[in-house]
Amino acid sequence: MEKKEVFFIIGLGLIGGSFALDIKTKRENAVIYGVDNDEQHLHKALDLGIIDHKATFEDIALADWIIVAVPVDKTVVVLNDVLGKIHNNAIVFDVGSTKFEICEALKSHDKRRNFIATHPIAGTEFSGPEAALTNLFLEKTNIICEVEKTAFVFQEKALQLFKDIGMRIRYMDPLSHDKHIAYMSHLSHISSFMLGKTVIEEEKNQRDIFDMAGSGFESTVRLAKSSPAMWTPIFKQNKEQVVKALSEYIANLESFKTLLEEERLEDIYTTMQETNRIKEILIKK
């Protein structure tokens, strides 16, 4: 009989749940245990067939794989606890949207060689076990930081798992990761939240404003549906890079406002035309 491969997923939201679904699809010998401090999430994940069993941190020694998918302010504490409980051949990875603070906190841990710092660039605006999707990670980029600090045998096994579920791999140092992700992800979430806030405040006086909301508004404000419990810690951990990105973004908004106030329409046209180049960048992605 083929030996069972025991996966523990800590945090049964969109990302953790989606990993569970893909692992079940790709690894026939996998057994999925779920750990979550929300008992309702555990019951829902069982009901939906996302996990096979409930578990606790005291069961971690049973695991061959541990995926930590909790808010980033909890990740360091959870990872320290997990790494102190695993057996010598277990593989641990997190999926957090910030990497520098996590990597710094674990750099001297006795089991650092068992840990892989990852960030799958995938997701939706929804949260909880019911948000989990099969193939969420298909053809999505998974950024791995400080891979050289992970034992080669664990690197190989993890890369095979990521390949099995269809992910592309990119290597990056933690500081570069946090800088780039501030612009490409964190800033876009703030923009969406603040656009939603602006419209909600105006809606107090104009009840029909949402009747006029078209697809452009809906696509731009979509990320404002995201979980504040997840995003507040991300902004805190990546504060320096996010503030820098925000400052540059606000400067561009102020510049555009000035152009409009002064009716410099040719400059407005040129600014938008130059920015149209983003289409070429995204196509190459």
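Calculation rules
Residues numbered from 1 in each chain as written. Predicted model: local features only at pLDDT ≥ 70, side-chain atom pairs only at ≥ 80, totals over all residues. Heavy atoms only, no water. Helix = DSSP H or I, 4+ residues; strand = E, 2+ residues; numbered from the N terminus. Buried < 20%, exposed > 50% of the residue type's maximum accessible area, 1.4 Å probe, protein only. Contact = heavy atoms within 4.5 Å. Lys, Arg positive; Asp, Glu negative; His and termini not counted. Charge placed at Lys NZ, Arg CZ, Asp CG, Glu CD. Arc of directions from axis to C-beta. Patch = residues over 30% accessible without salt bridge, like charges linked within 9 Å, V, L, I, M, F, W, Y side chains within 5 Å. Areas by Shrake-Rupley, 256 points an atom, 1.4 Å probe, with all protein chains shown as cover. Salt bridge = Lys/Arg side-chain N within 4 Å of Asp/Glu carboxyl O. Pairing = 2+ DSSP bridges.

**Student:** What is the right way to read the overall build of the protein chain from this model?
**Tutor:** When helices and strands are counted, the protein chain shows eleven helices and eight strands. Projecting the C-alpha coordinates of the protein chain onto the three principal axes gives extents of approximately 75 × 40 × 30 Å. Counting the 285 residues in the protein chain, one finds 42% classified as buried. Restricting the contact set of the protein chain to residue pairs at least 6 apart, pairs at least 24 apart contribute 73%. Positive and negative side-chain charges of the protein chain, numbering 35 and 43 respectively, have mean locations separated by a distance of 4 Å.

**Student:** Would you explain helix α8 (residues 228-237) in this entry?
**Tutor:** Owing to its 3.6 residues per turn, the α-helix aligns residues three or four sequence positions apart on the same side. Among the residues of α8, those classed as buried are Trp-231, Pro-233, Ile-234 and Gln-237. Buried residues along α8 cover an arc of 165° about the axis, so they all sit on one side. Summarising the geometry of α8, the exposed residues directed more than 90 degrees from the buried face are Pro-228, Ala-229, Thr-232 and Lys-236. Tucked inside the fold, the buried residues of α8 contact α3 (72-83), α4 (100-106), α6 (174-203) and α9 (239-261).

**Student:** Is there a simple way to explain a nonpolar patch on the surface in this structure?
**Tutor:** On the surface, Phe-256, Leu-260, Leu-265 and Met-272 cluster together into a nonpolar patch covering about 390 Å² of accessible area. Those elements giving two or more residues to the nonpolar patch turn out to be α9 and α10 (265-275). Judged by its relative accessible area of 45%, Met-272 is partly exposed.

**Student:** I'm lost on the side chain of Thr-98 in this one. Help?
**Tutor:** Within the secondary structure, Thr-98 is located in the loop between β5 (91-94) and α4. Contact partners of Thr-98, with chain neighbours within four places excluded, come to Val-72, His-177, Asp-178, His-186, Ile-234, Gln-237 and Asn-238.

**Student:** Help me out: how do you make sense of the pairing of strand β4 (residues 65-68) in this one?
**Tutor:** The side chains of a regular strand alternate, first on one face of the sheet and then on the other. On β4, burial covers both faces: Trp-65 and Ile-67 on one face and Ile-66 and Val-68 on the other are all buried. Of the pairings in the sheet, the one linking strand β1 (residues 5-10) to β4 comprises four bridges and is parallel in character. The partner of Phe-8 across the bridge, within β4, is Ile-66. The sheet contact formed by β4 and β5 spans four bridges and is parallel. Note that in β5 the partner of Trp-65 across the bridge is Ile-91.

**Student:** What is the right way to look at the pattern of salt bridges in this model?
**Tutor:** Between side chains of opposite charge, a pair can form as their charged atoms come close. In the structure shown here, the tally under the stated rule is 18 salt bridges. A salt bridge links Lys-3 to Asp-64, with the shortest nitrogen-to-oxygen separation between them at 3.8 Å. Taken together, the positions of Lys-3 in the segment before β1 and Asp-64 in the loop between β3 (53-54) and β4 put the pair 61 residues apart, joining distant regions of the chain. A salt bridge links Asp-164 to Arg-27; its shortest N-O distance comes to 3.1 Å. One end of the pair, Asp-164, is in helix α5 (residues 152-164); the other, Arg-27, is in the loop between α1 (14-26) and β2 (30-35), with 137 residues separating them in the sequence. Exposure remark for Asp-164: the relative accessible area of 25% places this residue in the partly exposed category. By relative accessible area, Arg-27 is classed as buried at 12%. A network of salt bridges, in which partner residues are shared, links Glu-5, Arg-27 and Asp-164.

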